[in-house]
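Structure at a glance
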Amino acid sequence: MAKRTFSTLETFLIFLLVMMTAVTVALLSLLFITSGTIENHKGNSTTTLGSTATQGSTLTHGTTATPTPPNFSGYHIGVGRADCTGQVADINLMGYSKTGQNARGILTRLYSRAFVMAEPDGSNRVVFVSIDIGMVSQRLRLEVLNRLQTKYGSLYGKDNVILSGTHTHSGPAGYFQYTVFVIASEGFSNRTFEYMVTGIVKSIEMAHRNMKPGKIFIKKGTVEGAQINRSPYSYLQNPESERARYSSNTDKEMVVLKMEDLDGAELGLISWFAVHPVSMNNSNHLVNSDNMGYAAYLFEQEKNKGYLPGEGPYVAAFASSNLGDVSPNILGPHCVNTGESCDNANSSCPIGGSSMCMATGPGLDMFNSTQIIGRIIYERAKELYASASQELTGPLAAAHQWVNMTDVTVWLNSTHSVKTCKPALGYSFAAGTIDGFGSFNFTQGTTVGDPFWDTLRDQLLGKPSEEIKQCQKPKPILLHTGELTKPHPWHPDIVDVQMITIGSLAITAIPGEFTTMSGRRLREAVQAEFATYGMKNMTVVISGLCNVYTHYITTFEEYQVQRYEAASTIYGPHTLSAYIQLFRALAKAIATDTVANLSRGPEPPFFKQLIASLIPNIVDRAPIGKTFGDVLQPAKPTYRVGEVAEVTFVGTNPKNSAESQTHRTFLTVEKYEATSATWQIVHNDASWETRFYWYKGLLGHSNATIQWHIPDTAQPGIYRIRYFGHNRKQDFLKPAVILPFESTSSAFEVVTT
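This structure is a prediction, so every number in the text was calculated from the model and none was measured. (Residues numbered from 1 in each chain as written. Predicted model: local features only at pLDDT ≥ 70, side-chain atom pairs only at ≥ 80, totals over all residues. Heavy atoms only, no water.)

As a further point, take the sheet that holds strand β4 (residues 102-106). Spatial strand order, β8-β3-β4-β36-β37-β33-β31: 7 strands in an open sheet with antiparallel pairing. Looking at the sheet topology across the chains shown, the edges are occupied by β8 (171-172) and β31 (631-633). Of the pairings in the sheet, the one linking β31 to strand β33 (residues 644-650) comprises 2 bridges and is antiparallel in character. Across the sheet, residue Val631 finds its bridge partner in β33, namely Phe649. (Pairing = 2+ DSSP bridges. Helix = DSSP H or I, 4+ residues; strand = E, 2+ residues; numbered from the N terminus.)

Printed below as a string of structure tokens:
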């Protein structure tokens, strides 16, 4: 091999990387001295199915009891929605792992949407929660279960509560406990963690209180024009005979549940569809719920007439599915410097390499693309919902196990077995995808390591063992995370596998991102297992990003070519086979009524002390002669529909509002009603028509700009914009306090012509 030489720029970048890595490791080691301090949530293991002895009648445990009619074959149904936004400033956005992509405002709020279903006698119940976050972390789930146990005892627990993330890449990070994710988050934010936990628990509490007899209807259909496969080369590695059974290299099927009470009043919807919520690209800095969130926004606004976004009784969840290799950027990958296609095995351009290869959405910009894709999903869900007539009936069931995914023996047949591996990330993990490329010009499809990066890793983190290298083949290991335990383990060993059934529907809770074909194989295997034990014609749903995050799960064949998704399949080439084996066991246990005989498995850790964000909390300051909320740039006297009304205020750090929630919105747009001489709120910061930008200055100074993108539907009249914030104040030798304030723009007129 020829000796590699480096340019001056490369040498400087390498030196900078080494110094940054050394500083990071030193800080982590210093701040994580208590790396051995863990706590197991002992109370979370109680099986809840059939558990009514300590609760009495479960349907009256904190609920408003509704009489159950005779010969009732449906379910008691409760729905709830609560804000779980967290910080919208001074925190990384979770998903792209892009340094510098921190939150600087808000486009939409993030919500937790909960659905509780119980059998008529209250003996069995299940809970499904879809949350507008990147993924559910193990720490988040354990804390939610702990608080539910404190309030409800054994009613809700690890067996019957599924927490699923929508996978928006525009939500705050900082709620993880494993070191890889802590580093990606640039620290742990207890402020955001508490906000999320509180919102999730509140949504479940609301659903619990709102339970009433009702019916659930199911409908399936295909969605066109909303997705492409972003790793088609990987997909083509699957057997031709298998691929021939499907008309597309993405899962186009949408599954919709329609919920209503016995009077026909609509309660809610759950939809599962496979697409990455990455219409908002990695240049975005506004917290939002992306395309799936926009679909939910449209559906809830349609059903909750007269309510502001985030309010009203109807709840619509658009949940994630097997989206691992599925992109909403349907115009496909092109070289941004030349315009030519880069839809090749390495997603690389002749000039500029992989960093020039990007996929784009159908809109004029990322905001427009988000709305276009979201509306396609919404419209199809609306059609399926309207025609849903097949009622779900039958028992509710749930099964759960904790599994050490680093040591699962997978039986390929009666005589041959293989094993899963300790976690590791491959070279192509660092390359990113066509939805967001990585750093240092790593390339997808890399199957051979690089001596420079291998040496640098060995010097900083130690060498990966021969065992992990052999187990993970053909993955060239960039980070042997399963062998790194300081300051805490870098990846989880103990993983949740979970399934709930609602009559003839089985919901599999997947702790990561299944690719298209992985999802198809799991669904088919679980359906066949149910049929073997007498439960014919089961509909099996893949619910993604559930309970704990473990990156991606590709097929064995896709793993061999090591594109991004395969390099991120952390438990090795047989990960999918292991999950299929484990979920088949859950299906068998449910079908044969032997869930009680399942091993609960080893309990995961809960680390008490984690590194905090390195961004300090500083006192807010206003310019001399100004105070917080003063208008710096006023609104114009008149706007036409289609224009943007904009006001800039003396601002404060928005993260204060995640700590002291006196105000539930950063802004309102209000219309003057002459007949009542009052101002009526027409938009808040959960509206897609508003944007809140925060501009951070020096020494605690900042500005806040509020935009209202005036829709064509806006009524002519007099309007104003209001700003709500919190400032951090600290007197000498006294603890900091957070104080609310509000401000109002001058009135302006909106005209139609």
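Right, let's get into the UniProt feature "binding site: Zn(2+)" (unreviewed entry) in the chain. Summarizing the sequence annotation, UniProt attributes the feature "binding site: Zn(2+)" (unreviewed entry) to His167, His276, Glu513 and Tyr552 in the numbering used throughout. Their sequence span is 386 residues, while the largest C-alpha to C-alpha distance among them is just 12.7 Å; these annotated residues converge on one region. Counting through the fold element by element, His276 comes out in the loop between β12 (266-272) and α7 (290-303). When neighbours within four sequence positions are excluded, His276 is seen to be in contact with His167, His169, Arg230, Asn291, Leu323, Gly324, Val326, Pro328, Glu513 and Tyr552. Its place among the elements puts Tyr552 in strand β29 (residues 552-553). Accessibility expressed as a relative area gives 4% for Tyr552, which makes it buried. A distance of 2.8 Å separates a polar atom in the side chain of Tyr552 from a polar atom in the side chain of Arg230. (UniProt positions renumbered as here; feature names shortened; annotations may be inferred. Contact = heavy atoms within 4.5 Å. Buried < 20%, exposed > 50% of the residue type's maximum accessible area, 1.4 Å probe, protein only. Polar contact = N/O pair within 3.5 Å; in protein donor to acceptor, adjacent residues only side chain to side chain.)

With that out of the way, let us pick up the state of the cysteines. With the rule as written, the count across this model stands at 3 disulfides. A sulfur-sulfur separation of 2.1 Å characterises the disulfide bridge that pairs Cys342 with Cys357. Linking Cys342 and Cys357, the disulfide has an S-S dihedral of approximately 90° and is accordingly described as right-handed. Of this pair, Cys342 sits in the loop between β15 (332-335) and β16 (357-360) while Cys357 sits in strand β16, placing them 15 residues apart in sequence. (Disulfide = S-S within 2.5 Å.)

Before going further, it helps to examine the side chain of Asp496. Tracing the sequence through the fold places Asp496 in strand β25 (residues 494-502). Among the residues examined, Asp496 registers a relative accessible area of 2% and is labelled buried. At a separation of 3.2 Å, a polar atom in the side chain of Asp496 contacts the side chain of Arg141. At 3.1 Å, the side chain of Asp496 and the side chain of Trp402 are in polar contact. If we ignore the near neighbours within four places in the chain, the residues touching Asp496 are Gln138, Arg141, His400, Gln401, Trp402, Pro511, Asn547 and Val548.

The subject of this paragraph is the UniProt feature "domain: Neutral/alkaline non-lysosomal ceramidase C-terminal" (unreviewed entry) in the chain. Residues annotated by UniProt as "domain: Neutral/alkaline non-lysosomal ceramidase C-terminal" (unreviewed entry) correspond here to residues 583-750. Secondary structure over residues 583-750 splits into 5% helix and 40% strand, and the C-alpha atoms at its two ends are 57 Å apart.

What follows deals with the packing of helix α2 (residues 138-152) against helix α4 (residues 190-209). Their axes nearest at 10 Å, the elements α2 and α4 cross at an angle of 45°. On the basis of the axis angle, α2 is oblique to α4. The hand of the α2/α4 crossing is right-handed. Of α4, the residues touching α2 (which contributes Arg139, Leu140, Glu143, Val144, Arg147, Leu148, Lys151 and Tyr152) are Phe193, Glu194, Met196, Val197, Thr198, Ile200, Val201, Ile204, Glu205 and His208. A breakdown of the residues in the contact of α2 with α4 according to their chemical character gives 10 nonpolar, 2 polar and 6 charged. (Axes fitted to C-alpha atoms, helices over the stretch in contact; angles between N-to-C directions. Parallel < 35°, antiparallel > 145°, perpendicular 65-115°, else oblique. Left-handed = near helix turned anticlockwise from the far one by under 90°. Nonpolar A, V, L, I, M, F, W, Y, C, P; charged D, E, K, R; others polar.)

Judged by nonpolar contacts, the single largest core of 75 residues is most densely connected at Tyr156, Phe692, Trp708 and Phe748. Examining the composition of this core, we find that 7 residues originate from one element, α4, more than from any other. Formed by 37 residues, the second largest nonpolar core is a distinct cluster that contains Val403, Leu522, Ile542 and Val595. (Core = buried A, V, L, I, M, F, W, Y, C linked by side-chain atoms within 4.5 Å.)

Another point: the pairing of strand β2 (residues 75-83). Two faces make up the sheet, and in a regular strand the side chains alternate between them. Most of β2 is tucked away, with 9 of its 9 residues classed as buried. On β2, burial covers both faces: Tyr75, Ile77, Val79, Arg81 and Asp83 on one face and His76, Gly78, Gly80 and Ala82 on the other are all buried. Bridge analysis of β2 against strand β9 (residues 212-222) gives 3 bridges, and the strand direction is antiparallel. When the bridges of β9 are listed, His76 appears paired with Pro213. Sheet analysis places β2 next to strand β5 (residues 111-118), joined by 8 bridges and oriented antiparallel. Across the sheet, residue Val79 finds its bridge partner in β5, namely Phe115.

Time to look at the pattern of salt bridges. Overall, the coordinates contain 36 salt bridges when judged by the stated rule. The closest approach of N and O atoms between Asp685 and Arg109, which form a salt bridge, is 2.9 Å. A residue pair is termed long-range when its members are at least 10 positions apart, and Asp685 in the loop between β35 (678-684) and β36 (690-696) and Arg109 in the loop between β4 and β5 qualify at 576 residues. Comparing Asp685 with Arg109 shows no difference in burial state: the two are buried. Salt bridges linked by common partners bring Arg81, Arg113, Asp132 and Glu300 together as one network. (Salt bridge = Lys/Arg side-chain N within 4 Å of Asp/Glu carboxyl O.)

The next point concerns unusual backbone geometry. Cis geometry marks the peptide bond from Lys473 to Pro474; its omega dihedral reads 5°. Tracing the chain through its elements places Pro474 in the loop between α10 (466-472) and β24 (477-479). That bond from Lys486 to Pro487 is cis: its omega, 0°, falls within 30 degrees of zero. Checked against the element boundaries, Pro487 lands in the loop between β24 and β25. Phi angles above zero are rare outside glycine, and Leu545 is one such case at about 55°. Along the chain, Leu545 falls in the loop between β28 (539-543) and β29. On the basis of relative accessibility, which here comes to 0%, the residue Leu545 falls in the buried class.

Looking now at the packing of aromatic side chains. Aromatic rings considered in pairs are described by the distance between their centres and by the relative angle of their planes. The tally for this structure, following the rule as stated, stands at 33 aromatic pairs. Ring plane angle 80° and centroid distance 6.4 Å describe the contact between Tyr314 and Tyr385, whose orientation is recorded as edge-to-face. Of this pair, Tyr314 sits in the loop between α7 and β13 (315-319) while Tyr385 is found in helix α8 (residues 366-387), placing the two residues 71 residues apart along the sequence. On the basis of relative accessible area, Tyr314 is assigned to the buried category, the value being 2%. Overall, Tyr385 belongs to the buried group, its relative accessible area being 3%. Relative to Phe748, the ring of Trp708 lies with its centre 6.4 Å away and its plane at 50°, an arrangement referred to as tilted. Of this pair, Trp708 sits in strand β37 (residues 702-709) while Phe748 sits in strand β40 (residues 748-751), placing them 40 residues apart in sequence. Relative accessible area serves as the criterion here: at 1%, Trp708 is assigned to the buried category. What links up through ring pairs into an aromatic cluster is the set Phe628, Phe649, Phe666, Phe692, Tyr723 and Phe741. (Phe/Tyr/Trp six-rings, centres within 6.5 Å; stacked < 30°, edge-to-face > 60°.)

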